[in-house]
Structures are given as structure tokens and as C-alpha cells.
Amino acid sequence: MTSNTNPAPAACEPQAMVTTTAHGSTQIRPRRLGAAIAGLIGVLGVASALAVGDLIAAVVSPSSSPFLAVGEQFIRLTPEWLKQFAIATFGIYDKLALLIGMALVITLLAAVAGLASRQRPAPGLVVIAVMGVLGLASILASPTFALFDLMAPLASSAVGLAVFAGLHHRAIAAAGREPAGQAVAGADPGTAATSAEDTGLDRRRLLWATGGVIAGAGAAGLLGRLFSSTAEASRAAVGSLPSPAQPRTAPPPQADFVSAGTPPWLTPNADFYRIDTALQVPQLSTGDYELRIHGMVDREQRLSYDDLRSRRLIEAPITMTCVSNAVGGSLMSNAMFLGVPLADLLAEAGVRPGATQIASTSVDGFTTGTPVDVVTDGRDAMLAIGQNGRPLPVEHGFPVRMVVPGLYGFVSGCKWITDIELTTFEAFTPYWEQRGWAQRAPIKTQSRIDAPRTDTTVPAGRVTVAGTAWAQHTGIAAVDVSADGGAWQRAELADGVSIDTWRMWKTTFELPPGRHRLQVRATDRSGYTQTPKPSLTIPDGATGWHTITVTTA
Ligand SMILES: Nc1nc2c(c(=O)[nH]1)N[C@H]1C(S)=C(S)[C@@H](COP(=O)(O)O)O[C@H]1N2
Ligand SMILES: [Mo]
């Protein structure tokens, strides 16, 4: 008889969990959600948490997005080899790769949270709470932490938990009554009819709630995007930049060999390589901007953006290079920078004897350390406000960054700079130096073959080989190219504009059909010729000759 009144609670779902005990009394057992709906609820809970966190962060404090904080904490903690691997594999797309990876992991965790809660909401709530704690901890660990940064992660966790609990409740209600007819088989027909009606209502409620959550999270996410692009608006409002004290003459027309395959001498702003630890581009506006110069100085300085732009400005073409640029790599670009000479600012502050290092801090907490002697030796070291005739692009440090010709970016190119402290090398260890990179890092003399591209096929016969060479603040004296280990052949140099920029070169070889190996080496104006000995990028830049293979046919 039991089998008649007690429909066996099958393993399949959704399932109404009504069982009849030996005494014949009816007992409600926890109901089970389908895997798809359970997973979806987890994902929606976490998605709303992220969207709300991003929106509040965008409004209150851009650096307090829990999602991005976790990513930035991850970047700070990743071991050096993994970072090297990421830059080597993804280049300037390393951050995109990290974001996509994080999105995948988080979606997976969210689905797991949902699947763990096919009956009771507790397990999913625990998973979401743990994710929330991770976000909170990352924000607490941020070098720029301030109390109001707690708002976004706390609200984010609260919303995530509430959305999950709410959707779970609705889904259980809808699932529980689904097979109501059979579930309470034997009950009077009146009850069954009410249940069917309830089921419809519960399902509609679940649908509405789900739709509401998707729309709400989407709107919060979009609004967050909107609010978080304040720097772009401020940049647009800058208008035209002041002129340098001594306007430069236009670069000579033959500074590159673009038709032979070199990059253009000036890199358009949109193509300028980008390397930084910021998952979210810091949002500064000229109105709020303030730069503090302090430490071992006689007169502490506080300068607004207008203070800086109304000073004597210089304009200079400077080729920036990243120390992580492997031989043959593309982590370098050349632009016309407009800015305030650093030496002027240091003189005004009065650098005390004994100060050896300029410690610069970005608004996002990143730090660089630049030798005082290099910055004050007469080169065009500056706090740049302009790049190629435009205000500094947001991702390149708007509104102000440091640029020092001849030094790798990690010891000189602080973007979104808000603090300069005169100190010593012993007293302060900047971001990358804490991770094993060199304290003093002048850019090494290097050269690169841009055409033909390695592992390509070109017509046999006369083959033009062209490329780039650089020895910032020393200048390139000569470039030699060799085919198949043969004698070095001197390349033709494009017009030199400045010793602080790259120099394009080209030359022609007679290459019969077959596979060929091409090598390049540069000699700088100090007389140094590039060593063939390969070395790693860490700690102070790669060495070795760029070597490519081409097939001629
Ligand atoms: N605030 C900030 N400034 C920074 C960095 C950074 O991670 N954060 N990276 C440095 C490094 S390693 C390089 S090579 C240059 C790159 O400048 P770019 O992105 O304008 O090419 O910026 C430097 N300045
Ligand atoms: Mo770099």
C-alpha cells in the first residue's frame, strides 16, 4: 500500500519531496533544483555582486572594485617567472588575458556555488561569502587603501548573497510544486488544482526575478563603465596644449624607412606600447590633480595641473623602452613629449646633498626610483603633459607622467604620478626592484630586424632588410647586418633626429633561393658594439643579436 500513497522520490529532478512516513503522516523533504537552474542562480548571484561592486567603486573610489582588486592583488603576488611568461606570451594583452582568465574562474566558482545548493541555499551562500572575503581582503591589501574603499566590497557581497538567496527561494518554490499533480497523488482534487495555479505563479515569479536580476546587473555594470571614464572627459576638456619655450623644427622627412618595412619614426598615440600593473586605468582629472614634491628637499612643493602647464615647457622626441622587451620584441615606441623639465622642479625644491633617488608614486600605488644624477645631467627628463601634440593619453598616465630619455620605463616612466620623494637608494626600494629588477637601468644598445618578418617567404634575388636600432641618450653610430654568418655589411641609416630616439636602417642582400639566417648588431656613439651573448631581460634588460630566418623562393 505504501507504494500507492508514496510516489518513490526518484533521483531525477525537479522533484516534489513529499513522503509519507510509516505512520501515514505527510512530511515535506527539501526540494531539489535542476542542475542548470541551480548553476544559473549561482552565476546570477555572483554577476550582480560584481556589477554592484563595480558601480559603487566607480562612483565612490575607482580602486575599490572587488573584481579588479583581486586581479591587481594577483598581479602583485604572481611570481616573477609567471609574469615573464605572461608578458612573453601575451605581450601588451597580458591584462586582457588575466581578465578573461579571472572571468572564467569566477563563472566556474559561481556555478559551483549554485550546484552546491540544489537543496538548501547555505552551501552556495558560503561559497559566495568566501569570494566576497577574497575581494575584501584584496582591497584591504591595496597600497592605496582608504576606509571608504570598504563600501564597494561590502555592498557587493550583500547584494550577491541577497540575490542568490532570493532567487534560490523562488526557484525552490517553483520546483517544489512542479509535479504537484503527481506529487500529492491521492490528495483531494481541490488541492491539486490550487497547486497547479501556484506553480504557474511561482514560475512567473522566478522568471520575473531572474529577468530583474539580469537587467539590474546589466544596468549597474553599464553605469559603472560610464562613471569610471572620468579621466577621458577631463582629457577632452584640456583643449590645446601650451607651446614649448623653444618650438622644435619638424623632424626631417627621412627619419624612417616605412616603405622598406620599418615602423614610422613617430608612433601614433593609439599604437604606443602599453605596460603597467593597472588592471583599471587610474582616473585622474586635471581639476583635482596635485603633485607633491618632498623628502630630502629644502622647500616642499605642491603643484596643480595648471601650475605645471603654465611653467616653462620643453618638447622632445623620446623613444621609451620596456626592460621586458626581449631581443626582437616590440615593447618600445617613440613620441614627441611635452613637459616640465624635472631639473627645474628639483632646483626649485632644493635637493639636499645625499639624496640619490627620486621615488615616484602613481595614484594607484605603483612606484619607480630614478637616479638623481641622471635626471640632472642636462638630458630632457620631464614631467610630461603632452604626447604627440595631444594631452597625455589616459592609459599613458594622464594628466602627468615622468619620462627620462635613456632609462627603461620601470625606473623612470611613472604614469599618473602624484608624489615625488627625494630619498636614497638604501632607504627606498620601488615596485619592480622589490621583485628582483635592477636599481639603475639605462637602456641597452639594441637593434631589431623589422623586414622581412621572421619565418616568412620572400622573392629570391635582391632582398631589402630594414629595421630599428637604439641607444638612447648615447646615439647610434652604425648598424651592421650579416646573412648566413657572412661578413658584416654596413646598413644605411635614416636621418638622425636625436640621440634619445631610435634610428631606422636598411640594406640590401642578394639572396639565392633557399633558407637564410639574418643577423643585426648596432654600434653606439660610445664605441660599444652589441654583444652576441644572450642574457635574460631580468634584471636589467636583454642582450644578444636579433636573428631571423627567411625563405627566398
Ligand atoms: N603607474 C605606473 N607607471 C608605470 C608602470 C606601471 O605599472 N604603473 N609601468 C612602467 C613600465 S615597466 C614601463 S615600460 C612604462 C610603459 O609606459 P607606456 O605604457 O606609456 O608605454 O611605464 C612605466 N610606468
Ligand atoms: Mo617596463
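A quick note: this is a predicted structure, and the numbers were derived from the prediction, not measured.

Student: Go over the sheet that holds strand β8 (residues 367-371) with me, naming the residues and quoting the values.
Tutor: In spatial order, the strands read β4-β3-β12-β7-β8; together these 5 strands make up an open sheet with mixed pairing. Because the sheet does not close on itself, it has two edges, and the strands there are β4 (301-304) and β8. For this sheet the average axis-to-axis angle between neighbouring strands, irrespective of direction, equals 15°. As paired strands, strand β3 (residues 290-295) and β4 are joined by 4 bridges and run antiparallel to one another. Residue arginine 292 lies in a different strand from β4, and its bridge partner there is arginine 302. The sheet strands contacting helix α12 (residues 342-349) are β3, β4, β7 (357-362) and β12 (417-423), and the helix crosses β4 at an angle near 140°.

Student: So what about the site of ligand 1? Which residues, and what values?
Tutor: With respect to spatial proximity, 19 residues lie near ligand 1, and among them Tyr273, Thr277, His396, Arg401 and Lys415 are the closest. At 3.1 Å, a side-chain N or O of serine 362 approaches a nitrogen atom of ligand 1. Between lysine 415 and ligand 1, the recorded distance is 2.5 Å, taken from a side-chain N or O atom to an oxygen atom. In isolation ligand 1 exposes 540 Å². Once the protein is present, 99% of that is buried. Classifying every residue of the shell around ligand 1 by side-chain character gives 9 nonpolar, 5 polar and 5 charged.

Student: Residues and numbers for the domain arrangement of the chain, please.
Tutor: Assigned domains within the chain: domain 1 (35-228), domain 2 (258-435) and domain 3 (446-552). Placing a centre on the C-alpha atoms of domain 2 and another on those of domain 3 gives a separation of 29 Å. Taken residue by residue, the interface counts 30 residues in domain 2 and 29 residues in domain 3. For the pair domain 2 and domain 3, the summed buried surface comes to about 2100 Å²; carbon and sulfur atoms form 65% of the total. There are 0 salt bridges connecting domain 2 and domain 3. Where domain 2 touches domain 3, the interface holds 6 residue pairs in polar contact (both at pLDDT 80 or more). Counting only elements with at least two residues in the side of domain 2 that touches domain 3, the list comes to β5 (314-321) and β6 (332-341). Looking at the side of domain 2 that touches domain 3 element by element, the count peaks at 4 residues for β5. Looking at the side of domain 2 that touches domain 3 residue by residue, the class counts come to 13 nonpolar, 13 polar and 4 charged.

Student: Could you give me a rundown of the side chain of serine 360, with the residues and numbers involved?
Tutor: Its place among the elements puts serine 360 in strand β7. The contact partners of serine 360, leaving out residues within four places of it in the chain, are Phe366, Thr367, Thr368, Met402, Cys414, Ile417, Asp419 and Ile420.

Definitions and limits used
- Residues numbered from 1 in each chain as written.
- Chains lettered and ligands numbered in written order.
- Predicted model: local features only at pLDDT ≥ 70, side-chain atom pairs only at ≥ 80, totals over all residues.
- Heavy atoms only, no water.
- Pairing = 2+ DSSP bridges.
- Helix = DSSP H or I, 4+ residues; strand = E, 2+ residues; numbered from the N terminus.
- Axes fitted to C-alpha atoms, helices over the stretch in contact; angles between N-to-C directions.
- Contact = heavy atoms within 4.5 Å.
- Near = heavy atom within 4 Å.
- Polar contact = N/O pair within 3.5 Å; in protein donor to acceptor, adjacent residues only side chain to side chain.
- Areas by Shrake-Rupley, 256 points an atom, 1.4 Å probe, with all protein chains shown as cover.
- Nonpolar A, V, L, I, M, F, W, Y, C, P; charged D, E, K, R; others polar.
- Domains from an automatic or database assignment.
- Buried area = accessible area lost by both parts, 1.4 Å probe.
- Salt bridge = Lys/Arg side-chain N within 4 Å of Asp/Glu carboxyl O.

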